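# Coordinate analysis (summary)
Each chain, letter by letter, is given below.
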Amino acid sequence: MWLDRINIFKSRRPQALARQVFVNGPLPKTKLDAKGRPAHVYVTNKVKTSKYTLLSFIPKNLYEQFRRVANFFFLALVILQWFPEFATINPVVAALPMFIIISITAIKDGFEDFKRHVTDRRLNNRKTLTLGNWRNYNYADPSITIVQRIKSSITQKPISETKNENELPEWKETLWKDVRVGDIIKLKNDEYIPADVLILSTSEPNSLCYVETKNLDGETNLKIRQTVPETDQLNTPEDCALAKFYVDSEPPTTNLFSYNATLVFPEGLPDRPRPRGSSIKVPINLNTMLLRGCALKNTEWVIGVVVFTGTDTKLALNSGKTPSKRSRIEKQMNPQIFINLALLVVLCAGCAIGSKIWESVYVNKNSPFLNQKGTSTDKPSFNAFVAFWNAMVTFQNIVPISLYLSIEFVKSFQAFFIYMDDEMRYAKTDTPCIPKNWNLSDDLGQIEYIFSDKTGTLTQNVMEFRKCSVGGKVYDGIESINETEAVRVPSKEVNITNASNSQSSSSDVIQSDASAGKESDKPRFTDATLSADMHDTTNPKQMEAIKAFWIVLSVCHTVLVSTNSDGEQNYKAQSPDESALVQAANDVGYAFRSRDSNTIVITDPEGNEIHYEMLNVLEFTSSRKRMSVIVRSPEDGKIYLFCKGADNVIFERLSTGQDFMLNTTGEHLESFAKEGLRTLCLARKIIDPSYYERWNIEFREASTAITDREKRVADVCDQVETNLTLLGATAIEDRLQDGVPQCIATLKRAGIKIWVLTGDKMETAISIGFSTFLLSKEMNLIVIRGGAYGEPGSAYEQMRNAVEKFFGTDPEIQERIRSTEIPPVTQFSSAPRLSTSHARENSSGSVYSLKTAGSSSHRTGGHALIIDGVALKYALEEPWSRDLLLDLACRCKAVVCCRVSPLQKAKVVELVRNGKDVMTCAIGDGANDVSMIQAAHVGIGVAGEEGLQAVMASDYAIAQFRYLSRLLLVHGHYSYIRNTSMILNFFYKNLIGVGVLFWFQIYCGFSTTVVFEYTYVLFWNLFFTCTAVLAIGVFDRDLSDRVAIEVPELYQWGIQQKAFSMFRFFIYMLEGLYQSLVCFYIPYFAYKRGSVNRYGRQPDYLEMGTTMAITCIMLANLFTGFNMQSWTVFHYVTVIGSIALIYVYVAVYTQIPISDVYGFDEVVYGGAVFWFCMALTIVIAILPRYVVRYVQRLLKPHDIDIVQEICKQDPDHDFTIDPNFPASHHSTNLRRQHTVDSQYSANDSVRPLYPEGDSAHSLGDTLGPEHTMIHRPSGSLTAVGRTSSEYLAIINDSPQGSANLTYMQTGLTSPMRGYAFSQEDGTGRMILPTLRRRKTNPGPLGRVSVIDYETGSLRRRSLPEVRSPRDIIDILGGNIPIVDNAVTGDSGSNIERIRMVQFNESVRNDGGTSSFSSRRPSNVETFGSDEQPPDDQDDEETNNGPEMKE
């Protein structure tokens, strides 16, 4: 469009240029233009979100409205009627309906924009303090007069600078819109930041400040920002006016989590002269910046310099418009509108052709009714052309212009009902469900896929320190209050009381912000065993391990502490995790007290203060997954590195010789994850001082880099974070939200597939999946972990093997795999990859077979896909893998994606949305969920603990996940049923009126004469037929809200799109066509014979037309009423009122002398023909729908029909205890007709309550659950090829209800007896039965070692690395012959090769020597017990072979 080329209609893009902001120093000549003014022009700080001004409102709003095809179409018709040849009525009257609709829409748009203006004005007129009586050299001097500018322009000489030396600099109030780049600004506590500001100094003694960033990234917890030491002395206006420096900054970017710049002092500093020939440069990052939109908290004042303003700020660059979302029904309306337009053209063409033929017949007969004048415009061809356009005006109602306005009206009421629903209002915070996008209410009733975040969405995001593993020993905290009665308030600020001894320290009173000074309900971490071990002098290693563990927790963090007037200290944490960790250390006695830029102070259980010198902080990032601090200990003067992070990241950075500690901690981590706890590992390292000096130089150089700073810093950090000593692990509980399991179970019964996309580790996600009923014990869990295509064990390879194993009989997916073109596989080295995150291949590196003797694909609970972020990355990037992932995932009942990034969340949603014709919904509560929420058809934000970013970007905002079931099953279902019925009835009622007008053309020579008086046509949609269909859209419902929740299977009506489809559209259109024939021909034949009224006159066509009009309007309203599924007072008023309105209108309008039907009321109402035609027409017109509806409801009722009949007989019927419904069986046994995606998930599918063709005799016969079970064949095994009979017996004797866990990277399948942490994080252990070592030879691999299997419960054991088929025999203990280095069975089939990761374990025998030796350098710390816990009593171990050498 030509308007799009105009700059005022374009959004401004950020200037992609680096900038230098000068303070108290003139710009260099290279930064000036020819006139001596700054060459770089910065954007203003004025914010404008409004669309219109007083001058642009009318033209711009009209342009926006007439971009709609329907509006433009009717505008063309109005213009057409200004020409006498096409005028059917006064053009002003013809334009009245369009004028009303356009005016209402304009008023709505103007009111919305007025509110934007008010918001902009309030924001721009906020006040802040800037430095006054001071020159900002980044702008032209405002004191220069126009005469000086003209003189400079003529002489081409720069203007001399002027400055009033008598005025001293001072702080002055400035409006936000007047803040400029380079201004020195002073911010006060609780004040919002007006621009992106570089911090120069703060009121805090440690040069720190606290900022709340919820308006920026959605997180409510406080962030720490600090200044650089070189500027922290700038505290007064005079100091700021004398400091001379400039900021060498990167260009404006959208990255909220990164900023690179350098603070340059060209003349040096008072206490630090500059090096010869160079300036002093200080690195700046995001920690020294205050971004616009944030709020200063708990800091008296901050002084800074403005770097970015207006649209260059990170907030403005990230406030892109929310994606314009249109509902599916609105999109499906487009082809239906085009069908109506095509039908309109056909009708007009029919009139044009009929007019030409009709006139051609009578033109040579001198017929008087032709009014021939012999002119060029009085020819049949020209008259046919005129007839075409006259017909366009006559039949215009077939295109429903008022339908758009009606939909907006109805959806506004639906949004109001959602907002006012008290059952979705969270009483604790008085938070209702807030509809933010009113256009998507009907989409809520068609959701088939839900993508959910875990933390804060399914869980409460309230962290409690529950357990820890220290030195190989687990300490389980005991809560001080009853869990069931505790009200846990999430707190980022925790008050602690100063303690002087261990007793007071361990019993600190914890308080929340909202109730300072009162006892908190938050439990403390206490453990009697831990307290005893802390003082157990008989075990000094464990004492040292405990001390080191809690010191790391109390030192390695970013928590801040402040003291209030009562002497209480408040913890200010950036995340609830850190708050829980530091508070747990405080509960034990290692209390964090204070910190500044160089020192952190803690107290030990004896109350002694320990001052650690803070040397470096290696910050946490999502890619590093760890945080470290380098400190100097005051106790021994050594330099320590304290590190905490994800277990897989810490494990791969440990030094050798910690096998037992690694094994034991891994066992504990698995146990923690089984309980659904969030885990973290702690480690430390002693750094040589000389090495530290060299490393610190590299670190400072990387920190001051302008380009690739993050990468260079990460590389330098990797160098020092090696050879760590493992201290232990922590376990924090993030409790489930109330009602989550019930909500998910209900949604699954509704046929909705739920995918969980989380950044947590796999075991935690699996545990949450079971606790929320997303996963069930009848399922088979398919675990995918892998890398790029072509690598051994790639993601594509695993997904394809999963398809062949579990869905090998599906011809569609097999054909798609065969037809997909994939590149050839590159040969890779057989050497294992240096990664501990995935299971490595065996030495051959070849692909294994998954066709085992027994398949676990026949599971009554279907399948669930578990995939990690690495495999997902390659699956989404590779086109052939992307399609395979979609096919595999959509055939599973549940999908859990672990360790995924925010971008991957959005890509997964887009994969399903674009790859399948389904409706998607994304729900989350954090800033990392925004992209996922915006990518889905419907985005729902949870107003949780991670801020409001997700809520601001969402379409609907709820306070708890459990409200999702009511939002979808009740309001979504209602909106879908209402809107679809309203739209279909809208098309019908318009066609019936237009049809009558068209049939009359056959008898009037196709002259486009309107058989009705034209006002009937004019007000057809405005008054006579609109209120009844609006009542359907606002008040109609097929079921009560209670029944919709108790029988969620009825939600399938929307998923399967049964209420709105092209088929139903054509049915309604055919009915409208049929009824128009009835409405026309019954009155036509009744009046044709010339019935005489009581005045002795024969009726004319307008009397017949009035009868037709009244009959059509009555029929349209009665037909709409017949389609209503519930009758309330509103339905009666609208249907009966619309019918009464037409009678009143005729009685009044016919009394106006100038009307064309003057006096017709008495003639029409007084004639028997009118009443006869009306009754007969209505009966004949509605009878077919009534008969079909009766037969269908009697013989082939839908699910909704059955439930409606039950509710009709028993309005209070409880479906939860009805044995004919799935809820009473606590399962999901109703099945629908199988589709490709659902045939492998039978239990979660839904079938019709009555099978097709069955009659309604016994509900029990049709609603009862099916008990079809597909049993596994006897002796099946899915772990490894052929194994010992003992292992087979254990597998076959296990209950079928146990979930099967299949690792596609190893091919190993076993009953779900726990959470295979080893397989998830690459520690190389496998789930096997309990072993009894009758004769174990831990010598060189390859020697036969016989291992017997007990029939007891399964538990894991660490096994030697598998390098050859002989090793499999060592493990399985079978006498399997080896031929050509291959294991064969009796049938000659190859056994599957198991790919495992080497996991060295220190196992001590009776003689005290290690069965598996490991390198243990002398300089490596070791903690924990000296001996490994003994095996079971039945285990006998002898060492007859040589010790294995690594």
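Bear in mind the structure is a predicted one, so any value in this text is a computation, not a measurement.

Here we take up the overall build of the protein. A count of helical and extended segments in the protein gives 43 helices and 40 strands. Considering only contacts in the protein between residues 6 or more positions apart, those separated by 24 or more positions represent 74%.

Of the residues in the protein, 72% have a pLDDT of 70 or more, and the chain-wide mean is 75. Contacts for the low-pLDDT stretch residues 827-857, under 50 throughout, to residues beyond four places or in other chains number 89 contacts. Contacts from residues 1425-1446, a stretch scored under 50 in pLDDT, to residues over four places away or in other chains number 52 contacts.

The subject of this paragraph is the sheet that holds strand β7 (residues 222-226). Read from one edge of the open sheet, 3 strands run β7-β6-β12, paired in antiparallel fashion. Of all strands in the sheet, those bounded by a partner on one side alone are β7 and β12 (295-297). Each strand axis lies, on average, 45 degrees off the axis of its neighbour in the sheet, ignoring direction. With 5 bridges connecting them, strand β6 (residues 208-212) and β7 associate as antiparallel partners. Bridging from a neighbouring strand, E212 pairs with L222 of β7.

Attention shifts here to the sheet that holds strand β13 (residues 301-308). Pairing within the open sheet is antiparallel, and its 6 strands lie in the order β3-β2-β4-β13-β5-β11. Looking along the sheet, the strands with just one partner apiece sit at the ends: β3 (170-175) and β11 (289-290). The pairing of strand β4 (residues 184-188) with β13 spans 5 bridges and is classified as antiparallel. Across the sheet, the residue bridging to K186 is I303, located in β13.

On to the pattern of salt bridges, then. Throughout the structure, instances matching the rule amount to 40 salt bridges. R37 serves as the salt-bridge partner of D33, at 3.8 Å between the closest nitrogen and oxygen. We note a salt bridge from K127 to E173, for which the minimum N-O separation is 3.7 Å. Here K127 is found in strand β2 (residues 127-132), whereas its partner E173 is found in strand β3, with 46 residues between them in sequence. With respect to burial, K127 and E173 carry one shared label: exposed.

A word on the packing of helix α3 (residues 91-124) against helix α10 (residues 401-420). The contact between α3 and α10 brings their axes to 10 Å, and the two run at 35 degrees. Taken as a pair, α3 and α10 cross one another with a handedness that is left-handed. For the pair α3 and α10, the contacting residues are M98, I101, I104, T105 and K108 in the first and I401, S402, L405 and E408 in the second. Here the contact of α3 with α10 is built from residues that sort into 5 nonpolar, 2 polar and 2 charged.

We now examine the packing of aromatic side chains. What the rule picks out here adds up to 52 aromatic pairs. Considering the side-chain rings of Y1143 and F1170, the 6.4 Å spacing of their centres and the 80 degrees angle between planes classify their relative orientation as edge-to-face. Of this pair, Y1143 sits in helix α36 (residues 1129-1149) while F1170 sits in helix α38 (residues 1168-1195); the two residues are 27 residues apart in sequence, bridging distant segments of the chain. Both residues of the pair, Y1143 and F1170, count as buried. Each member of the aromatic cluster is reached from another via a ring pair, and the members are Y1016, F1019, F1023, F1024, Y1145 and Y1149.

Summarising burial for strand β15 (residues 447-452): 6 of the 6 residues are buried, a large majority. Relative to strand β32 (residues 919-924), β15 runs parallel, the two sharing 5 bridges. Opposite I450, over in β32, you have C921 as the bridge partner. Relative to strand β28 (residues 753-757), β15 is paired through 4 bridges, and the arrangement is parallel.

What follows deals with the side chain of Q446. Checked against the element boundaries, Q446 lands in the loop between β14 (434-435) and β15. On the accessibility criterion, Q446 (2% relative accessible area) is buried. In this structure, Q446 is in contact with R328, I329, M919, Y976, Y1051, G1054, I1055 and Q1057, ignoring residues within four places of it in sequence.

Attention shifts here to the environment of E544. Within the element layout of this structure, E544 appears in helix α13 (residues 540-555). Using a relative accessible area of 34% as the deciding quantity, one classes E544 as partly exposed. C-alpha of E544 to C-alpha of G471: the two residues are 73 residues apart in sequence and 9.1 Å apart in space.

The next point concerns the environment of G939. Within the secondary structure layout, G939 lies in strand β33 (residues 938-942). Expressed as a C-alpha distance, the spacing of G939 and L440, which sit 499 residues apart in the sequence, is 9.9 Å. When sequence neighbours within four positions are dropped, the list of residues in contact with G939 reads K325, A922, I933, S954, D955 and Y956.

Calculation criteria
- Residue positions within a chain follow its written sequence, with the count starting from 1.
- Owing to the predicted nature of the model, reporting of local features is limited to residues with pLDDT of at least 70; listing and counting of side-chain atom pairs is limited to 80 or more, with chain, interface and lining totals taken over all residues.
- Hydrogens are left out, water is left out, and the side-chain values use all remaining heavy atoms of the structure.
- Helix numbering and strand numbering both begin at the N terminus, where a helix is a DSSP run of H or I of at least 4 residues and a strand a DSSP run of E of at least 2.
- Any two residues whose heavy atoms approach within 4.5 Å at even a single point are treated as in contact.
- Confidence of the predictor in every single residue is expressed as pLDDT, which spans 0 to 100.
- Whether two strands pair depends on DSSP finding at least two bridges between them.
- The axes used here are C-alpha line fits, helices contributing only the stretch in contact, and every angle between their N-to-C directions lies in the interval 0 to 180 degrees.
- Counted as salt bridges are all cases of a side-chain nitrogen of Lys or Arg within 4 Å of a carboxyl oxygen of Asp or Glu.
- Whether a residue is buried, partly exposed or exposed follows from its accessible area with a 1.4 Å probe, protein chains only, as a fraction of its type maximum: under 20%, in between, or over 50%, in that order.
- Note on convention: near helix rotated counterclockwise from far helix by under a right angle means a left-handed crossing. Clockwise means right-handed.
- Residue polarity is assigned by list, with Asp, Glu, Lys and Arg as charged and Ala, Val, Leu, Ile, Met, Phe, Trp, Tyr, Cys and Pro as nonpolar; anything else, Gly included, falls into the polar class.
- Only the six-membered ring of Trp is used, alongside the rings of Phe and Tyr, when aromatic pairs are assigned; centres must lie within 6.5 Å, and planes under 30 degrees apart are stacked while those over 60 apart are edge-to-face, with the rest tilted.

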